Amino acid sequence: MDLKELRKEIDSIDTQITNLFLRRMDVSARIGQYKKEHGLAVYDPARERQKLQEIAQSVPPEMRTYTDSLYSLLFELSRAHQRSLSTQESALEASIRQSLQNTPALFPNRPIVACQGVEGAFSQQACDKLFERPGILYFNSFDGVFAAVDKGLCQYGVLPLENSTAGSVNRIYDLMMKYHFHIVRSTRVKVDHCLLANPGAELSSIREIVSHEQALAQCADFLRTLGDVKITPCENTAKAAQMVQQSGRKDLAALSSQTCADLYGLVCLERSVQDRASNFTRFICISKNLEIYPGADKTSIMAVLPHRPGALYKVLSRFYALDINLIKLESRPLPNSDFEFMFYFDLEISVYSPRFLEVFRDLDGLCSQLKYLGSYSEVL
């Protein structure tokens, strides 16, 4: 038997599989209708577990992993189809629809915005990209920014989420679990770190360098070339520049931006000392209220999943079944819990897509906790 004949046989089998799949989805839709009429949940984990066991017993042991994957996906597709036929709207879906209808067409240009740090911080630069003429209030910590938005002191907050070199800002993800908020926009800021010092200082005289821990991580290769120099983390790169200026010391330098050099009257001893030339930090703009502005094509979700095999796979297969691109997945351990994690998802999908609201159907049954963070666009 040659390859052409084998492929012909595969084509014949695929035709049968397609017909059987359509029959299965039709029956699944009728089951969904029955569940709706009798107030039953779409997701029935006991039934799915029983089916997987029965199927595994009916195939050779070496095929069981494959049938588990195949039927887990079939179950997910069936549930997605049942949900798509349902006209009942959850509270979350209703709030999303309401926000889509009520959010103004134009993004505000003169709001009061909370940022961490001082004047010249990269958060301030991100804020200026997001808004035309914002009023900025500075706070010493990321917690202070979240609290300011939560208490209504500021309409928005701008926070760094991840860096292309140093990775995620873990403290932000931890605070996401603590506060109620929504993401309304994001942007990326090109980060160039310069070694700044007071006028008259020389590179050979520097004995201590201060900066934010992320900036220090992004410039690790350069710092290793300086030998026995004390490295001191501080709250913010702009704060580091301010500390150098206020100290008056000639042996103290800061890793900060050229903007801060001009702002605080410092001189640049070395330019662009980050390990990678292409160094960007992604910032998010948060709001206490859910606002979904026109053009939103990214959605962020947080979920706590049960500590059992396949829990994450079932959520990911839901995205796969809806043909949604997952562009970020982050996990953080839950405080005061054993082996439980919070998962953060960034999804690439337009709010105008017919699949958008389907994302949230059935996720409640898969997650111990589910938090919709918002849908937004990114300012380039």
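Described in the following lines is the structure provided in the data block.

Parameters and conventions
Residues numbered from 1 in each chain as written. Predicted model: local features only at pLDDT ≥ 70, side-chain atom pairs only at ≥ 80, totals over all residues. Heavy atoms only, no water. Helix = DSSP H or I, 4+ residues; strand = E, 2+ residues; numbered from the N terminus. Buried < 20%, exposed > 50% of the residue type's maximum accessible area, 1.4 Å probe, protein only. Contact = heavy atoms within 4.5 Å. Areas by Shrake-Rupley, 256 points an atom, 1.4 Å probe, with all protein chains shown as cover. Lys, Arg positive; Asp, Glu negative; His and termini not counted. Charge placed at Lys NZ, Arg CZ, Asp CG, Glu CD. Salt bridge = Lys/Arg side-chain N within 4 Å of Asp/Glu carboxyl O. Arc of directions from axis to C-beta. Core = buried A, V, L, I, M, F, W, Y, C linked by side-chain atoms within 4.5 Å. Pairing = 2+ DSSP bridges. Axes fitted to C-alpha atoms, helices over the stretch in contact; angles between N-to-C directions. Right-handed = clockwise from strand over helix to strand, strands pointing away. Parallel < 35°, antiparallel > 145°, perpendicular 65-115°, else oblique. Left-handed = near helix turned anticlockwise from the far one by under 90°. Nonpolar A, V, L, I, M, F, W, Y, C, P; charged D, E, K, R; others polar.

## Overview of the overall build of the chain
Consideration 1: If you tally the helices and strands in the chain, you get 13 helices and 16 strands.
Consideration 2: Its C-alpha atoms give the chain principal-axis dimensions of about 80 × 55 × 45 Å.
Consideration 3: Residue burial in the chain is summarised as follows: out of 380 residues, 46% are buried.
Consideration 4: In the chain, of all internal contacts separated by at least 6 residues, the share reaching a separation of at least 24 is 76%.
Consideration 5: Of the roughly 19,600 Å² of accessible surface on the chain, a fraction of 52% belongs to carbon and sulfur atoms.
Consideration 6: A distance of 3 Å separates the average location of the 43 positive side-chain charges in the chain from that of its 45 negative side-chain charges.

## Focus: the pattern of salt bridges
Consideration 1: Applying the stated rule across the entire model yields 18 salt bridges.
Consideration 2: Between Asp-221 and Arg-224 there is a salt bridge, and its shortest N-O distance comes to 2.3 Å. Placement of the pair is Asp-221 and Arg-224 together in helix H9 (residues 220-224), with a separation of three residues, close to one helical turn.
Consideration 3: Judged by its relative accessible area of 41%, Asp-221 is partly exposed.
Consideration 4: For Arg-224, a relative accessible area of 60% gives the class exposed.
Consideration 5: Here Asp-297 and Lys-298 are joined by a salt bridge, their closest N and O atoms 4.0 Å apart.
Consideration 6: Among the residues examined, Lys-298 registers a relative accessible area of 17% and is labelled buried.
Consideration 7: Ionic contacts of the salt-bridge type, sharing partners, join the residues Glu-162, Arg-188, Arg-282, Lys-328, Glu-330, Asp-346 and Glu-378 into one network.

## Thoughts on the environment of Met-177
Consideration 1: Take Met-177: it is sitting in helix H7 (residues 170-178).
Consideration 2: Take Met-177: its relative accessible area is 26%, and that puts it in the partly exposed class.
Consideration 3: For Met-177 and Gly-144, which are 33 residues apart along the polypeptide, the C-alpha to C-alpha distance reads 15 Å.
Consideration 4: Leaving out residues up to four positions away in the same chain, Met-177 has contacts with Met-302, Arg-332, Pro-333, Leu-334, Pro-335 and Met-342.

## A look at H7
Residues spaced three or four apart along an α-helix face the same direction, because each turn holds 3.6 residues.
Consideration 1: Residues Ile-172, Tyr-173, Leu-175 and Met-176 constitute the buried set of H7. Here the buried residues of H7 occupy an arc of 165° about the axis, which is enough to place them on one side.

## Side note on the nonpolar core
Consideration 1: In this structure, Phe-146, Leu-159, Ile-172, Met-176 and Tyr-344 are the most contacted members of the largest nonpolar core, which totals 28 residues.
Consideration 2: Mapped onto this core, the elements with two or more residues apiece are helix H6 (142-150), strand E3 (156-163), H7, strand E11 (280-287), strand E12 (298-304), strand E14 (341-348) and strand E15 (369-376).
Consideration 3: Counting residues per element, this core draws most heavily on H6, which supplies six residues.
Consideration 4: Ignoring anything within four residues of it in the chain, the contact list for Met-176 reads Phe-146, Leu-161, Phe-181, Ile-284, Met-302, Tyr-344, Lys-371 and Leu-373.
Consideration 5: One finds Ile-292, Leu-322, Ile-324 and Phe-360 within the second-largest nonpolar core, a separate group that totals 25 residues.

## A few points about the sheet that holds E12
Consideration 1: Read from one edge to the other, the open sheet built from four strands follows the order E13-E14-E12-E15, with strand pairing classed as antiparallel. Of all strands in the sheet, those with a lone pairing partner are strand E13 (325-333) and E15, marking the two edges. This sheet shows a mean twist of 15° between the axes of neighbouring strands, independent of strand direction.
Consideration 2: Of the pairings in the sheet, the one linking E12 to E14 comprises seven bridges and is antiparallel in character. By the bridge assignment, Ala-303 is partnered in E14 with Phe-343.
Consideration 3: Across the sheet, helix H12 (residues 311-321) touches E13 and E14, and the angle it forms with E14 is around 10°.

## Re the pairing of strand E2 (residues 135-139)
Consideration 1: Here five bridges tie strand E1 (residues 112-116) to E2, and the two strands are oriented parallel to one another. Following the sheet pairing, Val-113 is matched in E2 by Ile-136.
Consideration 2: With helix H5 (residues 122-130) bridging E1 and its parallel neighbour E2, the resulting β-α-β unit is right-handed.

## Here we look at the packing of helix H1 (residues 3-37) against helix H3 (residues 64-84)
Each pair of packed helices gets described by two things: the angle between the helix axes and the distance between those axes.
Consideration 1: Axis separation between H1 and H3 bottoms out at 9 Å; the angle between their running directions is 55°. What the angle tells us is that H1 and H3 run oblique. Like other packed secondary-structure pairs, H1 and H3 cross with a definite hand, here right-handed. For the pair H1 and H3, contact is made by Phe-21, Arg-24, Met-25, Ser-28, Ala-29, Ile-31, Gly-32 and Lys-35 and by Leu-74, Phe-75, Leu-77, Ser-78, His-81 and Gln-82, respectively.
Consideration 2: For the contact of H1 with H3, the residue count by class is seven nonpolar, five polar and two charged.

## Considering the sheet that holds strand E10 (residues 267-270)
Consideration 1: Spatially, five strands are ordered E8-E7-E9-E6-E10 in an open sheet, and the strand pairing comes out mixed. The sheet is open, and its two borders are formed by strand E8 (230-234) and E10, each paired with just one other strand. The average undirected angle you get between the axes of adjacent strands in this sheet is 35°.
Consideration 2: Here three bridges tie strand E7 (residues 208-212) to strand E9 (residues 252-256), and the two strands are oriented parallel to one another. Following the sheet pairing, Ile-209 is matched in E9 by Ala-253.

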